Every structure is written in structure tokens, then in C-alpha cells.
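One-letter residues, chain by chain:
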Amino acid sequence: MKGIPSAGVRNFALMGHTGSGKTSLLDVMLNILGTSDRVGSPDDKTSMADWTPEEQEHQISIFAKPFDGVYTAASGKQRRFVVTDTPGYADFIGQLTAAAEVADAALIVVDAISGIQVGTNRAWRVCEKRNLPRGIVITGLDKDDASFDKALAAIKAQWGDVRCVPVVLPTTDGKSEVDLLNTPADQIPADLADQIKAIRDHLIELAAETDDALMEKYFEGQELTADEFSDGLRKSVHDAHLIPVFAASAKTRVGVKETMDSISRLFPSPEDYPVKCADGHEVSTCENEPFAGLVWRSVNDPFVGQLSYVRVYRGTLKPNSEVMNVTKGEKERIGNLLFVNGKKQADCQEAKAGDIVAIPKLKNTYLNDTLCAIGEDISFKAIEFPSPVAAYAVAPKTKGDEDKIGVALQRAAAEDPSIRIERNKETHETILWGMGDMHLDVTLEHIKNRSKVDILHHTPKVAYKETITAIGEGHHKHKKQSGGRGQYGECYVRIFPSTEEEWFANKLVGGAIPGNFVPACQKGFVDGMQKGPLVGAEVVNVKVELYDGSYHDVDSSEVAFKIAGSRALHEAIEKAKPVLLEPIMTVKVMVPDEQMGDITGVLNTKRGRILGMGPEDGLQVITADVPQIEMMKFCSELRSITSGRGSFEMEFARYDPVPGNIAQKVIADAQKEKEDL
Ligand SMILES: Nc1nc2c(ncn2[C@@H]2O[C@H](COP(=O)(O)OP(=O)(O)OP(=O)(O)O)[C@@H](O)[C@H]2O)c(=O)[nH]1
Ligand SMILES: [Mg+2]
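Throughout this document, residue positions are counted from 1 along each chain, in the order its sequence is written. Labels are handed out in written order, letters beginning with A for the chains and numbers beginning with 1 for the ligands. Local features in this predicted model are restricted to residues of pLDDT 70 or higher, and side-chain atom pairs are both shown and tallied only at a pLDDT of 80 or more, whereas totals for entire chains, interfaces and linings draw on every residue. Only hydrogens and water are set aside when side-chain values are computed; all heavy atoms of the structure are taken into account.

Take the side chain of Asp 401 next. Where helices and strands are cited, they refer to DSSP runs of H or I of at least four residues and of E of at least two residues respectively, numbered from the N terminus. Its place among the elements puts Asp 401 in the loop between strand E22 (390-396) and helix H10 (402-415). Only protein chains enter the area calculation, which uses a 1.4 Å probe; residues under 20% of their type maximum are buried, those over 50% are exposed, and those in between are partly exposed. Two residue types count as positive, namely Lys and Arg, and two as negative, namely Asp and Glu; His and chain ends fall outside the count. Each reported salt bridge corresponds to a side-chain nitrogen of Lys or Arg within 4 Å of a carboxyl oxygen of Asp or Glu. Although Asp 401 lies buried, it forms no salt bridge, and the closest oppositely charged side chain, Lys 404, sits 4.8 Å away as judged by the N-O distance. Should any heavy atoms of two residues lie within 4.5 Å, those residues are counted as being in contact. Leaving out residues up to four positions away in the same chain, Asp 401 has contacts with Pro 396 and Val 453.

We now examine unusual backbone geometry. Phi is positive for Lys 45, which is not a glycine, with a value near 60°. Within the element layout of this structure, Lys 45 appears in the loop between helix H1 (22-33) and helix H2 (53-58). In this structure, Asn 131 is a non-glycine residue whose phi angle is positive, near 50°. Positionally, Asn 131 belongs in the loop between helix H4 (118-129) and strand E5 (134-139).

The domain boundaries here were taken from an automatic or database domain assignment. Taken as a whole, the protein is organised into domain 1 (6-186 + 240-266), domain 2 (275-373), domain 3 (390-461), domain 4 (466-576) and domain 5 (582-662). Just the C-alpha atoms count here: the centres of domain 2 and domain 5 sit 40 Å apart.

Moving on, we get to the nonpolar core. Nonpolar side chains tend to gather and get buried jointly when the protein is soluble and globular. Residues enter a nonpolar core if they are buried and are Ala, Val, Leu, Ile, Met, Phe, Trp, Tyr or Cys, with the set joined through side-chain atoms within 4.5 Å. Of all hydrophobic cores here, the largest spans 77 residues; its most connected members are Leu 107 and Leu 203. Each residue touching Leu 203, except ones within four places of it in the same chain, is listed here: Val 165, Val 167, Leu 180, Leu 181, Phe 229, Leu 233 and Leu 242. Core analysis: the second largest hydrophobic core is formed by 37 residues, Leu 444, Val 589, Met 596 and Phe 634 among them.

Between two packed helices, the angle of one axis relative to the other and the distance separating the axes together describe the packing. For the pair helix H6 (residues 193-208) and helix H7 (residues 212-219), the least separation of the axes is 8 Å and the interaxial angle reads 140°. In terms of their interaxial angle, H6 and H7 are classed as oblique. Residue-level inspection shows Ile 204, Glu 205, Ala 207 and Ala 208 of H6 in contact with H7, the latter providing Leu 214, Met 215 and Tyr 218. Along the lines of polarity and charge, the residues of the contact of H6 with H7 split into six nonpolar, no polar and one charged. Structural elements are reduced to axes, namely lines fitted to C-alpha atoms, with helices fitted over the stretch in contact, and the angle between N-to-C directions of any two is expressed from 0 to 180 degrees. Reported orientations rely on four angle classes, namely roughly parallel under 35 degrees, roughly antiparallel over 145, roughly perpendicular from 65 to 115, and oblique for the rest. Residues are sorted three ways: Asp, Glu, Lys and Arg are charged, Ala, Val, Leu, Ile, Met, Phe, Trp, Tyr, Cys and Pro are nonpolar, and all the rest, Gly among them, are polar.

Here we come to the pattern of salt bridges. Enumeration over the complete set of coordinates arrives at 40 salt bridges. Between Glu 101 and Arg 130 there is a salt bridge; the shortest N-O distance is 3.6 Å. Within this pair, whereas Glu 101 is found in helix H3 (residues 93-101), its partner Arg 130 is found in the loop between H4 and E5, the two being separated by 29 residues in sequence. Owing to a relative accessible area of 26%, Arg 130 belongs among the partly exposed residues under this scheme. A salt bridge links Arg 645 to Glu 594, with the nearest nitrogen and oxygen atoms 3.1 Å apart. Remark: Glu 594 occurs in the loop between strand E31 (578-591) and helix H14 (596-605) and Arg 645 occurs in the loop between helix H15 (634-642) and strand E34 (647-657); sequence separation between them is 51 residues. Each member of the salt-bridge network shares a partner with another, and the members are Lys 425, Glu 426, Lys 465 and Glu 538.

Right, let's talk about the site of ligand 1 for a bit. We call a residue near a molecule or strand as soon as one heavy atom of that residue lies within 4 Å of the molecule or strand. What surrounds ligand 1 is a group of 20 residues, the closest being Thr 18, Lys 22, Ser 24, Asp 43 and Asp 142. Any N or O atom pair separated by 3.5 Å or less is treated as a polar contact, with the protein-specific requirement of one donor-capable and one acceptor-capable atom, and with residues adjacent in sequence counted only for side-chain atom pairs. Measuring from an oxygen atom of ligand 1, one finds a backbone N or O atom of Gly 21 at 2.9 Å. Here an oxygen atom of ligand 1 and a side-chain polar atom of Lys 251 are 3.3 Å apart. Protein contacts shield 87% of the accessible area of ligand 1, which totals 650 Å² for the unbound molecule. Accessible surface area values rest on a Shrake-Rupley calculation with a 1.4 Å probe, where residue burial reflects the displayed protein chains alone.

Looking now at the coordination of the magnesium ion (ligand 2). In ideal tetrahedral geometry, four donors around a metal make angles of 109.5 degrees, whereas ideal octahedral geometry with six donors gives angles of 90 or 180 degrees. Distances from the magnesium ion (ligand 2) to its protein donors, Thr 23 (OG1) and Ser 61 (OG), fall at 2.0 Å. Taken together, the residues Thr 23 in helix H1 and Ser 61 in the loop between H2 and strand E2 (65-72) connect sequence positions 38 residues apart. Look at Ser 61 and you get buried, because its relative accessible area is 8%. For Na, K and Ca the donor cutoff is 3.2 Å, while for all other metals N, O and S atoms must lie within 2.8 Å; water is not among the atoms, so some sites may look incomplete.

Looking now at helix H11 (residues 437-451). Compared with the 21 Å implied by 1.5 Å per residue over 15 residues, the 21 Å span of H11 between its first and last C-alpha is a close match. Residues of H11 that are buried include every one of Met 438, His 439, Leu 440, Val 442, Thr 443, Leu 444, His 446, Ile 447 and Ser 451, and no others. Buried residues along H11 sit in contact with H2, E22, H10, strand E24 (429-434) and strand E25 (455-458). Of the residues trailing H11, Lys 452 is marked for its positive phi of about 55°. Expected helix span is given by 1.5 Å per residue-to-residue step, counting one fewer step than there are residues.

This brings us to the sheet that holds strand E27 (residues 472-480). Across a sheet, strands are paired by hydrogen bonds formed along the backbone, either parallel or antiparallel in direction. By the convention used here, strands pair only if DSSP detects at least 2 bridges between them. Pairing within the open sheet is mixed, and its four strands lie in the order E27-E28-E30-E29. Across the chains shown, the open sheet's two edge strands, defined by having one partner strand only, are E27 and strand E29 (504-506). When strand polarity is set aside, the average angle formed by the axes of neighbouring strands in this sheet is 25°. Summarising the sheet, strand E28 (residues 487-497) and strand E30 (residues 542-550) pair through eight bridges and their orientation is antiparallel. Of the residues in E30, the one forming a bridge with Phe 496 is Lys 543. Across the sheet, helix H13 (residues 558-575) lies against E27, E28 and E30, angled at about 35° from E28, the strand it touches most.

Given below as C-alpha cells:
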């Protein structure tokens, strides 16, 4: 690692549909890099990447994980590979988002038999969003009936005939592969010679297009030098005018080296382009300038404790140093630095621009914090994660484990930006939010494996509220005379609908209730509003007037007025035509064109009100207001209707009255639940 300058680093993320072969390909690469002394595989649980119990249980990748190693290319040049494996499963989009943010390029994996799938398109969109240079590798070419040409044709049809150019080609006997950028002309198989010449001519044109002087040279019929050709191609890849397509098989390992050679030549180095800060201005990415990096992953390692993964964007980070956490405005002391490769951890003496390094035990540094050399003031933009859309209400299996699960859930949320924990004060439930049922299940498994605590889950309750639709009056006299000191307090209240912030008005005249007891009455009203008459939910959007009452010189007390206030208010609410309110969510659903009709139909059956429709990023976007209770299972419904191609976001909009017939059922159910208790 030492000695390879940042210009020799190739930092990229593997992306693609679940099962397309990303991790298998990575395992072969890690063996070639010497990071692993054997070729592991997710199939027999020997993969260097898929090592966590949850990944082995489900046989998919779940977490984005960085790996590194040195590659000696066919040209003899040494390159440092920094490769992040990402999960293809839709629920783990948060991991893909973070990895894409800190990579300089993407290698999109397409299985030759399955072709372009939902997860491939998702990866593509992630790349498009942040202008990430990319290449595509067609894998599984050892499989029966696999055809490179067929897969390539589909890729060209989808993403452009001109820019998707094969640079690693399978030989016609399928036993080896030709890296057409690195293979000398005399070693090119005769039957591929014409095809390769045509591709080379096309690549020369693409390289020339990146620079006016080169274009002139090209038109004058002069040859580009080797460096001009290479630099031009790298620029073309950077601008996504060239999307190189490679061929490989993780099973037979054919083509993997050729693909790595091409990546070495074509993918950008971290020093090639400046990086953008949060305020939009650009900073250079030179390894000789002061250090700057972003924490993109923060995990609790069972052996080393808290580990902050940092992408170094500029300069060099060394162990036993001090840095500034610009986000927090605090200095952090750095002890050792680690290069983490799966379960393997090695001390790092310096991490340069382009590297991903883990810092153990930082005191107050978390995901999305920028770290800089002391005296520098750079802030990188925080990675934006999609908001969670699926929820479980969770509780400990064993009574008494509440504190334990509280800590475990908070830890899970701190590690995974797509997990959110919420305590719903209306329903008294703890809600675990995530990106889908699989994500929630895996999170609970992870907690169980790590914290040894069992958590039960069920569909969350909806936090209904109640309000009134008319003016109502109520009265209560609280009077007790049972030996000793009695209790006395009497309140008359009026209640009416209001959205004003000031909810209480004192309309007492002539000292009917002494001023010092009014706060007690108010406390009673607040209590009375906590449990409405319909389902015991909070009563909102009301104004309460205290307009009359009486007191007793000896027996009146704060407690007596609190009770009188609460009961008088309850009577007033019951007379003011109370109604049930339910939370309404604004939902944004992204689906392919042909599923628009199906989805608007489903939203209509969910009492949804369509607010708008229109194209966005190659998909149709439907915006609608839908009652929250109808959205509880939408995540899995949408997946099944669209075969995984649809996704959605939602946020709380407001509370609306529940339609009469549905409200009646909710009220009857709540009554029954109360009686059953
Ligand atoms: N025959 C053949 N099988 C392959 C190849 N690459 C991967 N596979 C198999 O495909 C399956 C899925 O491979 P993975 O590498 O786990 O796929 P992945 O893209 O990492 O999937 P996720 O982690 O879920 O996103 C495994 O059973 C692999 O053995 C290949 O080149 N040839
Ligand atoms: Mg994987």
C-alpha cells in the first residue's frame, strides 16, 4: 500500500441486482489482490465479504463493506484497489446510497442470464443522481445458454449504443477473454480481429472527443499517443460518455483479471477531479494537501468497539494524530487506524486521498461528520438517505428487558441511517422504522445475535386523535364530606372548535372561583383532553372557557378543582359532537409507466386522494394523500404489484376526520378492547 500515490488508486463500488454476482466477483478479486489467500464464496459461507451471521443466514449481502489491496496490472503498473461491496436487495438501499457517495466510480454487475433487472436499474439511478462514472461487467458467462452478445445488446438498447462499449470480450471458445485495451495486436485471436478493430476505432473517436486538440489531430488523420488515448478514455468514462462493458465469470475466474486491468486504465483516480463541499465550492483532492474526509459508516465492532469509516478525500491521515471534527466543532484524538477487510483488520500507517480507513473509538464522531486537519474548515455534504417507509411496533419478549432493548434499538439506529426508532406517545408503542419487512427482520436478528435479547413485533397502532364539531357546555361539582376535611370545587366550562394556539380563556366574573385555584382547573382540563370520549385519544383543536363555578372557604383545594375541571370538560366534549381524527400521509410513489393504472387503483381503494402525477427520472411519480392506517402493508403490496420496480416515500401531512362508517368500527373496537381489559 505504501508507495502507491493517490493517482494510482481506483476506488469503486460494486452495484447491481441481488444475486447478480457482486460478492462472488469481489471474492475472486480479493484473491487476485492477495487480500485473501483463498477464493471465498457466499455459497459455502467462506466469502470474505458476506461474513455476518445475518448475511450467511439469508445468503445475501446486507451491509456495504470496503476492501482494499494492491493490483499489479498487465502493464506492470501497480494500482491500489479500494472496492466497496453493496447489497442489491431493495431494502438495503441506504447502504448502497452511502457507498455510492464515497466511491469514485461504480462497477455495475449484470448477470448474463437474468440481464438488466430491477436492482440494476436502481443502481443506475443512484449513479445518475450523483454523476458517478461507471462500467458494467457481465457475469455468469460460464452458465449454460449465457450469451455475452445478448446481454450486451440489452445493455446497449437500454443505455446507449454509442457509449456502452465492450472492452473485455469473451473468446469464441469461451475459455478466455480478451482485454482489448491491453492485448498486443499480434495476440488478438484472428476470428475477433475485425470486431476488435471496429471497437478500437470507436474508442479512439470517443477519446478524441474529450479534447479539442485531440479532435483536430484525429480529423487530420494523425494517431493519438498511448497516453492521449488512455487519458482521453478516462475522461470519457468520467463524463459517462463512455461506459465500458467487461466480461467475467466468478465461477471459472475467467475475465476477472482482464476486467481489473481495464478498470486500472479506465476508471478515474481520486486525484483526477476536485470534490464538492457542502457549500458547493470545490476543493482539490491532492494527497499532499491537508487532510479532509467524511465519515460514511459508523459501526460497533464486537472486538474493537466503535469504528468510524472515513473516506479520505484530500491529503493523508496518519495514526496518533489530532484532527478537527468540523461538523461538531471539536478536536478528536486519533490513536490507530485500520484497514478493514471483512473480519480481517490491519494497522494502517497512512491513508491517502481515495482510501477508506476505519478509525477506532472516536469520542464524539458519527455518520456524516467531516474530519479535517487542524486549522482547515472544510465541510462535506451530509449523505442523504431515503426515509424509512415500513414500521413494526416492538416490545421485549421478556418483561423487564425494556431498558436492554431500548439500548439495543438505539445502537441499531445509530449504525444504520435507514433505521429510525420512535416512541409514539399516543399509542405508547415503540416503533421501529425501516425500508421494508426484510430490513426490519434483519435488524431484529442482528440485535438478537449481538445483544442476546428477543424482541416481539406487530403492526403498529394508529395514533388517532379526537376533536369536536360544535359548541358544548359541561358542569361538575366535586363535593365530598366524609369526616375530617371535605373536598369542594365546582366548574362550568364551554368548549368550542378552534385552531388557535391559546387554548384557554378565563371568563370568570365576580370571583366565582378564586384566582389561585384557576391553574388547578386548567390542569384538570389538560387531563380531560388526554382521553377523549370516543377511543380515549387526545382531544385537539379546541378552546376551553371557564365561565363559572363556586368554592368553599375551608374545603376547596387544588385537587378538588382539578377533578371538577376534568369532569366538567369531559361532559362538554361529549355534548360538542366529537369526531375521530386519523393521521394522513403524503405519499410519493415511483413506478414504471405501465403500472400507473394499477397503482392509482390501489391508492383509490385505500381512500387515497391523488394530488398529482408526472414523469421523473424515467419513472412515473404519483403523489397522493392516504390515511396512515391504509399504508401499513403498502411496502410489500407495492413490491408484489410492481415485481420490485416500484418504490415510495411518505411523510406525515395532517389529521383528518375518519369517515363515519369506519369511525364507528374503530370506536366499537376500542370499546371492546377496554371491556376486555
Ligand atoms: N455460475 C455462476 N454462478 C455465479 C457467478 N457469480 C455468482 N454466481 C452465483 O450467484 C449467486 C449469487 O451470488 P452473489 O455473489 O451472492 O450475488 P450478489 O450480487 O452479491 O447478491 P446480493 O448480495 O444479494 O446483492 C451465488 O450462488 C453465486 O455462486 C458466476 O459467474 N457464475
Ligand atoms: Mg452480495
